[in-house]
Protein chains: 2
Amino acid sequence: MEWFTENWTPNIKFSVRIKEHLHSETTPFQQLEVYDSFELGRFFTLDGIMMANEKDEFIYHEMIVHTPMSINQNIKHVLVIGGGDGGSVRELTKYQTIESIDMVEIDERVVRVCQEYFTITTTGLNDPRVSLKFEDGLAYVKNTQKVYDLIIVDSTDPIGPGEGLFSMEFYTNCKRVLAEDGILINQHESPYFEKESTEMKRAHKKIKSLFPIAEVYQAFIPTYPSGHWLFGFASKKYHPIKDFKKAHITSLGLETKYYNGDVHQGSFALPNYVRNALKEV
Amino acid sequence: MEWFTENWTPNIKFSVRIKEHLHSETTPFQQLEVYDSFELGRFFTLDGIMMANEKDEFIYHEMIVHTPMSINQNIKHVLVIGGGDGGSVRELTKYQTIESIDMVEIDERVVRVCQEYFTITTTGLNDPRVSLKFEDGLAYVKNTQKVYDLIIVDSTDPIGPGEGLFSMEFYTNCKRVLAEDGILINQHESPYFEKESTEMKRAHKKIKSLFPIAEVYQAFIPTYPSGHWLFGFASKKYHPIKDFKKAHITSLGLETKYYNGDVHQGSFALPNYVRNALKEV
């Protein structure tokens, strides 16, 4: 294979020149491939969709973690749903104040294959505060009696194993296991092409019906369809802009390649067409 | 041809399924094609590079015009260099306060072909305040005795006819013909892939050496390489954030699909890796 091609829509293709096809595996849940490429370094795909690559994984992982962490400085117990590559956990382990990180990933093979072939994101998984649980995230939040300060839903698209993580039942249980001042973050698809835009609206409608504060923020992720990717921020207490203290995040002295205090604020400044699509729901 | 493909880099391809190839022409300056597509509607290319399409041209044109217009409410005389599709002029004509718009486009055929096949952007060109000048922008700014409140450099990439519009000589002459409180805006390439990132740094270095205020801002433009596109804002007087009054732009009641007051502020919030690349110069 000389090129890996992803159909962003039936009428738009994104192609990456491949140096080497490193691994191919049918897990109990999905098709998993790892490639090395000339432009993006190594990357892996699930059911033919690029999940993360060495060139820009930092954007997604910094934005999904540092945005909530900068809002509540008392976050001690964190639940990550999905996120099998470990990138979200890697960013979380940078905070000394976090005491426990439970990562619930349905597909153990994603973690193990990343630990072998995609190690840029797996460096935090051996941190003693991290517990790996290989089970269904939907069932986990339904049954657990633990209370979390932060839940990060680092899911695939709502097709295949990721589908339940976009359901009303799932969000309702997230709300149940969140502390009174807890924050729920989810990968929130994209506003530009129709398929992702439809899922963006569906997810927002459900989350908005459950949480008094439900905002959407954005990042430039060039290798996801359209490059305009969204995250959801939901909370019973905190507002992501009104309760943001730029001085605090600066004082932490985190070394980030994308996230900073201005980016935090700017990421919630949605273009009119995105605002309007979200208002419709 | 079933697909139009643009090489974003030698190792990354972006492909658009074509409905119809509407026009093909070798102008005195470049190769010009117009297509109709399933996903993006009509679009046109110059020397194989997509310039504008019906689905997202509004993002580029709103961001290149409303950003400076919201900073100085006394802009009366505007110079547009390039911008042959007319989209920048269309946005400018929405301001009653503007008295004259000189559009200097080297290639008359781009304007004429857009007026026939890509009319979404050409609606402002018949406004009585608009003067079309089909000549070299570099020579124009060297020779004109007019003074402008705003110059918009709506150029192609710095290869072929656009090359001179990234030169020190050009920027120096822009400064000369700008009023004391004038603003210079230029399309500023992109930070993500190496070719555009190199040009971004080159342009910023030159502009920064000439103007006391030289900032860079960004927009999500999914059909340009990486989807992360930049503009430059330079002035002898105005700062794009410190001198921004959100209330004013809201009171104008402009109907925009992308731009708004929050987007204005957020667009200057550059990720660390972009900030650092610009600092290096």
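Residues numbered from 1 in each chain as written. Chains lettered and ligands numbered in written order. Predicted model: local features only at pLDDT ≥ 70, side-chain atom pairs only at ≥ 80, totals over all residues. Heavy atoms only, no water.

Participant: Would you explain the domain arrangement of chain A in this entry?
Facilitator: When the parts of a complex come together, some accessible area is lost, and that lost area is often taken as the interface size. All names here are of chain A. Partitioning chain A into structural domains gives domain 1 (3–53) and domain 2 (57–280). Computed over C-alpha atoms, the centres of domain 1 and domain 2 are 23 Å apart. Between domain 1 and domain 2, the contact holds 24 residues from the first and 20 residues from the second. Across the domain 1/domain 2 interface, buried area totals approximately 2,000 Å², and carbon plus sulfur atoms make up 67% of it. Joining domain 1 to domain 2, the criterion identifies one salt bridge. Glu25 is the salt-bridge partner of Arg109, the closest N and O atoms lying 2.5 Å from each other. Inspection of the region where domain 1 meets domain 2 yields seven residue pairs in polar contact (both at pLDDT 80 or more). (Domains from an automatic or database assignment. Contact = heavy atoms within 4.5 Å. Buried area = accessible area lost by both parts, 1.4 Å probe. Salt bridge = Lys/Arg side-chain N within 4 Å of Asp/Glu carboxyl O. Polar contact = N/O pair within 3.5 Å; in protein donor to acceptor, adjacent residues only side chain to side chain.)

Participant: When you look at the packing of aromatic side chains in this model, what are you seeing that I'm missing?
Facilitator: To describe a pair of aromatic rings, you give the distance between the ring centres and the angle between the ring planes. Per the counting criterion, the structure on display carries 31 aromatic pairs over all chains. Ring-pair connections join several aromatic residues into one group, and the members of that group are A:Tyr60, A:Tyr217, A:Tyr224, A:Trp229, A:Phe231, A:Phe233 and A:Phe268. Over the ring of B:Trp3 we find A:Lys13; its NZ or CZ atom is 4.2 Å from the centre of that ring. Lying over the aromatic face of B:Phe38, B:Lys19 brings its terminal NZ or CZ to 5.3 Å of the ring centre. (Phe/Tyr/Trp six-rings, centres within 6.5 Å; stacked < 30°, edge-to-face > 60°. Lys NZ or Arg CZ within 6 Å of the ring centre and 35° of its normal.)

Participant: What exactly am I supposed to notice about helix α5 (residues 168–177) of chain B here?
Facilitator: An α-helical segment advances 3.6 residues per turn. Residues three or four places apart therefore align on the same side. Residue and element names in this part refer to chain B. Residues of α5 that are buried include every one of Phe170, Tyr171, Asn173, Cys174 and Val177, and no others. Along the long axis of α5, the arc covered by the buried residues comes to 165°, so they all point the same way. Residues of α5 that are buried make contact with β6 (77–82), α4 (137–143), β9 (148–154), β10 (178–187) and α6 (194–210). (Buried < 20%, exposed > 50% of the residue type's maximum accessible area, 1.4 Å probe, protein only. Helix = DSSP H or I, 4+ residues; strand = E, 2+ residues; numbered from the N terminus. Arc of directions from axis to C-beta.)

Participant: Help me out: how do you make sense of the interface of chain A and chain B in this one?
Facilitator: Of the residues lining the interface, 43 residues belong to chain A; the matching set on chain B comes to 43 residues. For the pair chain A and chain B, the summed buried area comes to about 3,600 Å², and 61% of that belongs to carbon and sulfur atoms. When residues of chain A are sorted by the area they lose upon contact with chain B, A:Asn11, A:Tyr192 and A:Phe220 head the list and together hold 21% of the total. At the junction of chain A and chain B, the tally comes to two salt bridges. Notably, a salt bridge pairs B:Asp262 with A:Arg275, separated by 2.6 Å at the nearest N-O pair. On inspection of chain A and its partner chain B, the count reaches 26 residue pairs in polar contact (both at pLDDT 80 or more). Of all the secondary structure elements, the ones that give two or more residues to the side of chain A that touches chain B are β1 (3–9), β2 (12–26), α1 (57–69), β11 (213–220), α8 (261–267) and α9 (272–280) of chain A.

Participant: Would you take a moment to explain the relation of the copies chain A and chain B for this structure?
Facilitator: What relates the pair of chain copies is a rotation about an axis plus a shift along that axis. Rotating chain A by 180° and translating it 0.0 Å along the rotation axis places it on chain B, where the RMSD comes to 0.0 Å. With respect to symmetry, the two chain copies, as superposed, fit the operation of a two-fold axis. Within chain A, A:Gly266 has its C-alpha nearest the rotation axis, a separation of 1.8 Å. Both copies present the same face, since 100% of the interface residues in chain A are matched by interface residues at the equivalent positions in chain B. (Least-squares fit on C-alpha atoms with pLDDT ≥ 70 in both.)

Participant: I keep staring at the pairing of β2(A) and nothing clicks. Help me out?
Facilitator: Successive residues of a regular strand alternate their side chains across the two faces of the sheet. Taken together, the six bridges between β1(A) and β2(A) define a ladder with antiparallel strand orientation. Bridging across to β2(A), A:Thr9 finds its partner in A:Ile12. What sits between β1(A) and β2(A) in their antiparallel hairpin is a turn of two residues. Sheet topology places β2(A) next to strand β2 (residues 12–26) of chain B; five bridges connect them, and they run antiparallel. (Pairing = 2+ DSSP bridges.)

Participant: Help me understand the packing of helix α5 (residues 168–177) of chain A against helix α6 (residues 194–210) of chain A in this model?
Facilitator: Helix packing geometry: the angle between the two helix axes and the distance between the axes. All names here are of chain A. Remark: α5 packs on α6, axes separated minimally by 10 Å, with the N-to-C direction vectors making an angle of 35°. Crossing of α5 against α6: the hand is right-handed. Here Met168, Tyr171, Thr172 and Lys175 of α5 lie close against α6, whose contacting residues are Ala203, Lys206, Ile207, Ser209 and Leu210. Here the residues of the contact of α5 with α6 are counted per class, giving five nonpolar, two polar and two charged. (Axes fitted to C-alpha atoms, helices over the stretch in contact; angles between N-to-C directions. Left-handed = near helix turned anticlockwise from the far one by under 90°. Nonpolar A, V, L, I, M, F, W, Y, C, P; charged D, E, K, R; others polar.)

Participant: Would you explain the side chain of A:His228 in this entry?
Facilitator: Structurally, A:His228 is set in strand β12 (residues 228–235). At 2.8 Å, the side chain of A:His228 forms a polar contact with the side chain of A:Gln218. Beyond its immediate chain neighbours, meaning those up to four positions away, A:His228 contacts A:Ser190, A:Pro191, A:Gln218, A:Ala219, A:Pro271, A:Tyr273, A:Val274 and B:Phe220.

Participant: What should I look at first to understand the pattern of salt bridges in this one?
Facilitator: This structure, assessed with the given rule, holds 28 salt bridges over all chains. What you see here is one network of salt bridges that share partners, running through A:Glu57, A:Arg90, A:Glu91 and A:Lys94.

Participant: Which parts of the structure should I look at to understand the environment of B:Ile71?
Facilitator: Residue and element names in this part refer to chain B. Following the sequence through the fold, Ile71 ends up in the loop between α1 (57–69) and β6. For the pair formed by Ile71 and Glu196, sequence separation is 125 residues and the distance between their alpha carbons is 27 Å. Discounting chain neighbours no more than four positions away, the residues touching Ile71 are Ile183, Phe233, Tyr238, His239, Pro240, Asp243, Phe244 and His264.

Participant: How should the layout of surface pockets be read in this particular structure?
Facilitator: Within this model, the largest pocket holds a volume of roughly 990 Å³. What lines the largest pocket is a set of 36 residues, and nearest its centre among them are A:Gln265, A:Gly266, B:Asp262, B:Gln265 and B:Gly266. Every element with two or more residues in the lining of the largest pocket is listed here: α6, β11, α8 and α9 of chain A together with α6, β11 (213–220), α8 (261–267) and α9 (272–280) of chain B. Grouping the constituent residues of the lining of the largest pocket by class yields 16 nonpolar, eight polar and twelve charged. Taken as a whole, the second largest pocket encloses approximately 510 Å³ of empty space. What lines the second largest pocket is a set of 37 residues, among which B:Met51, B:Asp154, B:Ser155, B:Thr156 and B:Asp157 lie closest to the centre. The set of elements that each furnish at least two residues to the lining of the second largest pocket consists of β1 (3–9), β4 (41–46), β5 (49–53), α1, β6 and α6 of chain B. (1 Å grid on protein atoms, 1.4 Å probe; cavity = no way out; pocket = protein on both sides within 12 Å on 5 of 7 lines; lining within 4 Å. Points joined across faces, edges and corners; volume = space filled by probe spheres on them.)

Participant: What exactly am I supposed to notice about the sheet that holds strand β6 (residues 77–82) of chain A here?
Facilitator: Either a parallel or an antiparallel arrangement is found when strands of a sheet pair, and the pairing is made through backbone hydrogen bonds. Residue and element names in this part refer to chain A. Read across the sheet, seven strands follow the order β8-β7-β6-β9-β10-β12-β11 without closing on themselves; strand pairing throughout is mixed. Two strands lie at the open edges of the sheet, namely β8 (130–133) and β11, each paired on one side alone. Put simply, the sheet's adjacent strands are angled 15° from each other on average, direction ignored. Most of the contacts of α5 go to strand β10 (residues 178–187), to which it runs at about 145°, and overall it touches β6, β9 (148–154) and β10.

Participant: How should I be thinking about the UniProt feature "binding site: spermidine" (unreviewed entry) in chain A in this particular structure?
Facilitator: Residue and element names in this part refer to chain A. The sites that carry the UniProt feature "binding site: spermidine" (unreviewed entry) are, in the present numbering, His61, Asp85, Asp154, Ser155, Thr156 and Asp157. When only the residues just named are considered, the largest cavity is lined by His61, Asp85, Asp154, Ser155, Thr156 and Asp157. The class of Asp154 is buried, set by a relative accessible area of 8%. Sequence-distant contacts of Asp154, defined by excluding residues within four places in its chain, comprise Tyr60, His61, Ile64, Val80, Ile81, Gly82, Gly83 and Ser88. With respect to the helices, strands and loops of the structure, Thr156 is situated in the loop between β9 and α5. Once residues within four sequence positions are removed from consideration, Thr156 is found in contact with Leu46, Met51, Gly162, Phe166, Gln187 and Glu189. (UniProt positions renumbered as here; feature names shortened; annotations may be inferred.)

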